[in-house]
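If you want the building blocks of each chain, they are given just below.
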Amino acid sequence: MLLVAIVIWCGNLEYRKLALSDEGRYSEIPRYMAQSGDWVTPRLNGIKYFEKPPLQYWATAAAYNVFGEHHWTARLWPALTGFLGVLLIFHVGARLYGVSAGLYAALVLGSSLLYTGMAHILTLDMGLTFFLGLALTGMLLALDPRADARTNRVWMHVAAAGCALAVLSKGLIGIVLPGAVIVLYMLVKRDFALVRRLHLVTGGLLFLAISAPWFIAVSIANPEFPQFFFVHEHFARYTTTIHHRYQPWYYFVPILLLGILPWVVTLCDALIGAFKRPRTTGFDATLFLLLWSGFIFVFFSLSDSKLPSYILPMFPALALLIAVRLTTIDARALAWQLAPLPVIALAGLLAVPYTVRLASAAIPAGLYQSQMPWLYAAAVVLLAGGTAAIVCGWRGQVRRAVVVCAFTGLATTQLLVISEDGLSPAHSTYHLVQKLKPDLKPGVPFYSVGGYEQTLPFYLKRTVTLVAYQDEMAFGLKHEPQLAVPDLAEFERR
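Residues numbered from 1 in each chain as written. Predicted model: local features only at pLDDT ≥ 70, side-chain atom pairs only at ≥ 80, totals over all residues. Heavy atoms only, no water.

Asks: Just checking my understanding: could you explain the packing of helix 19 (residues 365–394) against helix 20 (residues 398–419) for this structure?
Replies: Between two packed helices, what matters for the description is the angle formed by their axes and the separation of those axes. Contact geometry for helix 19 and helix 20: axes closest at 8 Å, N-to-C directions at 175 degrees. Accordingly, the angle class assigned to the pair helix 19 and helix 20 is roughly antiparallel. Taken together, the residues that form the contact of helix 19 with helix 20 break down as 16 nonpolar, 7 polar and 1 charged. (Axes fitted to C-alpha atoms, helices over the stretch in contact; angles between N-to-C directions. Helix = DSSP H or I, 4+ residues; strand = E, 2+ residues; numbered from the N terminus. Parallel < 35°, antiparallel > 145°, perpendicular 65-115°, else oblique. Nonpolar A, V, L, I, M, F, W, Y, C, P; charged D, E, K, R; others polar.)

Structure below.
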């Protein structure tokens, strides 16, 4: 199963063109880093870019140096950390609840629509999720009542390292979320003696030893960094609509229900069972998982800046809760919980031909038609696999039903992700650059007038000069205005 999962997991990393803003942005920053040799100051299109810390940039730049600049090396870090997260959740599930629970947790996590999809899209969220999952693992195993003093000390330091690497992945959220959950747990449980088992002094020193050096180095090299990163990118992003991502408070409800497919009904069953479960006198791992999931969901729901991937760090905890339920579930009850899958698949089969109605000037009907075969394949796999899983459950074969459902979910998500490549002429500059290459002689200037296509520098293998455009590079251009042309008049003069 592990070998088959690896093949399916890695099979589409090179196939798809880099698309949309995130994949272009997070492929270009490490490309320029590897080219320039400056591993302290991140730059987007050669312009200072301080919105996020550098851990993923470092990893991707290293992959470029070793393996070359390809689609798969650009996506390697989220794919690798996503798969390692599946293995990690197997380990912690097996340690806490038994080997069957560990297996089920890995299968659930590795087949959930949002988790699997984000592991194959180039953003920073999967790296953050993995290291927060490492922090969660460390706390669960360190505070387990069966843990001796040495085990407690080792795993709490693993948790501290996980928090530090999460901070280097996406900022202060890497320490805010775990810290808030542990405080919330002590308040709910009224177990303040737990502080003695957290190793705050040595864990804090380890946290600073890992996370602080880059922040110090980049602040010395760029005195403007601290105010922008800590105030603008954290406080202002959370409390205002400065990034134009305002959504209603219930925004993440449908994201969660869709993102946990094919396990959405089982999730509801698992949450009800976890709430009804009697609380234990010692450390209560189930309560901790509920608080972890609930706090992350509420925290981002209250934010004035929302994106679907923000709740991704919930998913390892939810996978563990679902796995615990699967170890005790009646086989026919599981079959009923999987019953919506063939219905969704049939609805998908009927809906595919209508995707051409989404056509616009930006995305012509022909592109949607090229996407349709992959959408049909995804619906067929979901229909066949979902039906087979239901049959296994109806025959009393719980484990077989879970395995079939998990691989169905993984394959379906991968086909949906692959289908996006049909739209790549509208979402990626790959095709444009192939046409331009014969005219791109060395030394010829390249201007981007009134806009900026994020994937362009990666495919050109060089930066472009912005004209009358700043957007997210406004802060960098404020400090290095000579890197762009401010307006059309100056562009005409040049």
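Let's pick the thread back up.
Asks: It is not clear to me how the state of the cysteines should be interpreted in this structure. Could you clarify?
Replies: Structurally, a disulfide amounts to a covalent bond that connects the sulfur atoms of two cysteines. Under the counting rule described, the total for this entry stands at 0 disulfides. For Cys268, which is in no disulfide, the shortest distance to another cysteine sulfur is to Cys405 and amounts to 14 Å. Residue Cys268 is classed as partly exposed on the basis of its relative accessible area of 37%. (Disulfide = S-S within 2.5 Å. Buried < 20%, exposed > 50% of the residue type's maximum accessible area, 1.4 Å probe, protein only.)

Asks: Explanation requested: the layout of surface pockets in the structure shown.
Replies: Approximately 440 Å³ is the volume found for the second largest pocket. As for the second largest pocket, its lining consists of 21 residues, and the residues nearest its centre are Ile344, Ala378, Leu382, Thr412 and Leu416. Elements represented by at least two residues in the lining of the second largest pocket include exactly helix 18 (340–351), helix 19 and helix 20. Its residues assigned to classes, the lining of the second largest pocket comprises 14 nonpolar, 7 polar and no charged. (1 Å grid on protein atoms, 1.4 Å probe; cavity = no way out; pocket = protein on both sides within 12 Å on 5 of 7 lines; lining within 4 Å. Points joined across faces, edges and corners; volume = space filled by probe spheres on them.)

Asks: How should I be thinking about empty space enclosed by the protein in this particular structure?
Replies: Under the defined criterion, the tally for this structure stands at 1 cavity of 30 Å³ or more. One number sums up the size of the largest cavity: a volume of about 60 Å³. Taken together, Gly85, Leu88, Ile89, Leu109, Tyr115, Thr129, Phe130, Gly133, Thr137 and Pro316 form the lining of the largest cavity. Of all the secondary structure elements, the ones that give two or more residues to the lining of the largest cavity are helix 5 (76–97) and helix 8 (125–143). Tallying contributions element by element places helix 8 first for the lining of the largest cavity, with 4 residues. By residue class, the composition of the lining of the largest cavity is 6 nonpolar, 4 polar and no charged.

Asks: Mind showing me how you'd approach the nonpolar core here?
Replies: One recurring pattern in soluble globular proteins: nonpolar side chains tend to sit buried together. Core analysis: the largest hydrophobic core is formed by 114 residues, its most contacted members being Leu140, Trp263, Phe288, Trp292, Phe315 and Leu326. For Leu326, the residues in contact, after removing those within four places along its chain, are Tyr104, Val108, Trp263, Thr266, Leu334, Val398 and Val402. (Core = buried A, V, L, I, M, F, W, Y, C linked by side-chain atoms within 4.5 Å. Contact = heavy atoms within 4.5 Å.)

Asks: Explain the pattern of salt bridges to me, please; I cannot follow it from the model alone.
Replies: Two side chains bearing opposite charge may form a pair once their charged atoms approach each other closely. For the coordinates displayed, the defined rule picks out 14 salt bridges. Glu472 is the salt-bridge partner of Arg25, the closest N and O atoms lying 3.0 Å from each other. With Arg25 in helix 2 (residues 20–36) and Glu472 in the loop between strand 4 (465–467) and helix 24 (474–479), this pair connects stretches of sequence that are 447 residues apart. Each member of the pair, Arg25 together with Glu472, is buried. Between Glu490 and Arg493 there is a salt bridge whose closest N-O contact spans 2.8 Å. Taken as a pair, Glu490 and Arg493 lie in helix 25 (residues 488–493) at a separation of 3 residues, close to a single helical turn. Taking the relative accessible area as the measure of exposure, Glu490 reaches 19% and is therefore buried. Residue Arg493 is classed as exposed on the basis of its relative accessible area of 61%. (Salt bridge = Lys/Arg side-chain N within 4 Å of Asp/Glu carboxyl O.)

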